[in-house]
Amino acid sequence: MSDEEHQFESKADAGASKTYPQQAGTIRKNGYIVIKARPCKVVEVSTSKTGKHGHAKCHFVAIDIFNGKKLEDIVPSSHNCDVPHVNRTDYQLIDISEDGFVSLLTENGNTKDDLRLPTDDALLTQLKDGFAEGKDLVVTVMSAMGEEPNCALKDIG
């Protein structure tokens, strides 16, 4: 055999999957589904009857949770679909930096400085105006499939 030692470079993450499989027939309205590699919230589900080839089909109409685009997919109800792991987290706003990032306070007292300002104009002005007035603001961040833009804003002060 060989006396050489092999070096393996690990380029993988911790192994936690960004999605999990779920049977298409069990996904309901207001649930989540991955369509065209985008995490979406289901707004309409219709199921057709079994045809002569034996599979009932589920027609999903869903909206991308990050950019608001409407997507559709048709999947046999007995097949598995990918469902994203979606997490909602509230952070308290500490600071808005000049370079377009927000500084947030986590529940355990650490700061989170890797989030950009929202691209939605209404949310952006609400965030900047509230911060300028000295209000205590809570930013709700929704994360799925490695993305986490700012989603909503609450005034707790």
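What this report covers is the structure whose coordinates are included nearby. Everything numeric here is computed off the predicted structure, so don't read it as measured data.

**So, the side chain of Lys112**
- Considering the arrangement of structural elements, one finds Lys112 in strand β9 (residues 111–116).
- Looking at Lys112, its side chain comes within polar contact range of the side chain of Asp114, at 3.3 Å.
- Setting aside anything within four residues of it in sequence, one finds Lys112 in contact with Tyr91, Val102, Ser103, Leu104, Thr106 and Glu148.

**Some points on helix α1 (residues 121–132)**
- Over its twelve residues, α1 runs 16 Å from end to end, which matches the ideal 16 Å to within 8%, given 1.5 Å per residue.
- Every buried residue belonging to α1 is among Leu123, Leu127 and Gly130, and all of these are buried. When α1 is viewed along its axis, its buried side chains cluster within an angular range of 75° and face the same direction. Opposite the buried face of α1, by more than 90 degrees, sit the exposed residues Asp121, Ala122 and Ala132.
- Just downstream of α1 lies Gly134, where phi reads positive at about 80°.

**Notes on the sheet that holds strand β3 (residues 38–47)**
- Strand order in this open sheet of four strands is β2-β3-β4-β5, and the pairing throughout is antiparallel. In this open sheet, the two edge strands, each paired with only one partner strand, are β2 (32–35) and β5 (70–76). Ignoring which end each strand starts from, the neighbouring axes of this sheet average 45° apart.
- One ladder, built from seven bridges, connects β3 with strand β4 (residues 57–64); its direction is antiparallel. Within β4, the position partnered with Val42 by the bridge is Ala62.

**Thoughts on the nonpolar core**
- In terms of nonpolar packing, the biggest core is built from 13 residues, with Ala24, Ile27, Ile33, Ile35, Cys40, Phe60 and Cys81 touching the most fellow members.
- Within the residue set of this core, elements represented by two or more residues are β2, β3, β4, β5 and β6 (80–84).
- Apart from residues lying up to four places away in sequence, Ile27 is in contact with Gln22, Tyr32, Ile33, Val42, Val45, Phe60, Cys81 and Val83.
- Formed by eleven residues, the second largest nonpolar core is a distinct cluster that contains Val102, Leu115, Leu137 and Val139.

Definitions and limits used
Along every chain, residues carry numbers that run from 1 in the direction the sequence is written. The predicted nature of this model means local features are confined to residues of pLDDT at least 70 and side-chain atom pairs, given and counted, to a pLDDT of 80 or more, with totals for whole chains, interfaces and linings taken over all residues. Only hydrogens and water are removed before side-chain values are computed, so all heavy atoms of the structure are retained for them. Numbering of helices and strands runs from the N terminus, with a helix taken as a DSSP run of H or I at least four residues long and a strand as a DSSP run of E at least two residues long. Nitrogen and oxygen atoms within 3.5 Å of one another constitute a polar contact, given that in protein one can donate a hydrogen and the other can accept it, and given that sequence-neighbouring residues count only through two side-chain atoms. Contacts are assigned to residue pairs with any non-hydrogen atoms lying within 4.5 Å of each other. The span you would expect from a helix comes to 1.5 Å times its residue count less one. Accessible area is worked out with a 1.4 Å probe on protein chains only. A residue is then buried under 20% of its type maximum, exposed over 50%, and partly exposed in between. As used here, the arc belongs to the directions running from the helix axis to the C-beta atoms. Here, strands pair whenever DSSP counts at least two bridges between them. For every element, the axis is a line fit to its C-alpha atoms; helices are fit only across the contacting stretch, and the angle between N-to-C directions ranges from 0 to 180 degrees. Residue types Ala, Val, Leu, Ile, Met, Phe, Trp, Tyr and Cys, when buried and joined through side-chain atoms within 4.5 Å, form a set referred to as a nonpolar core.

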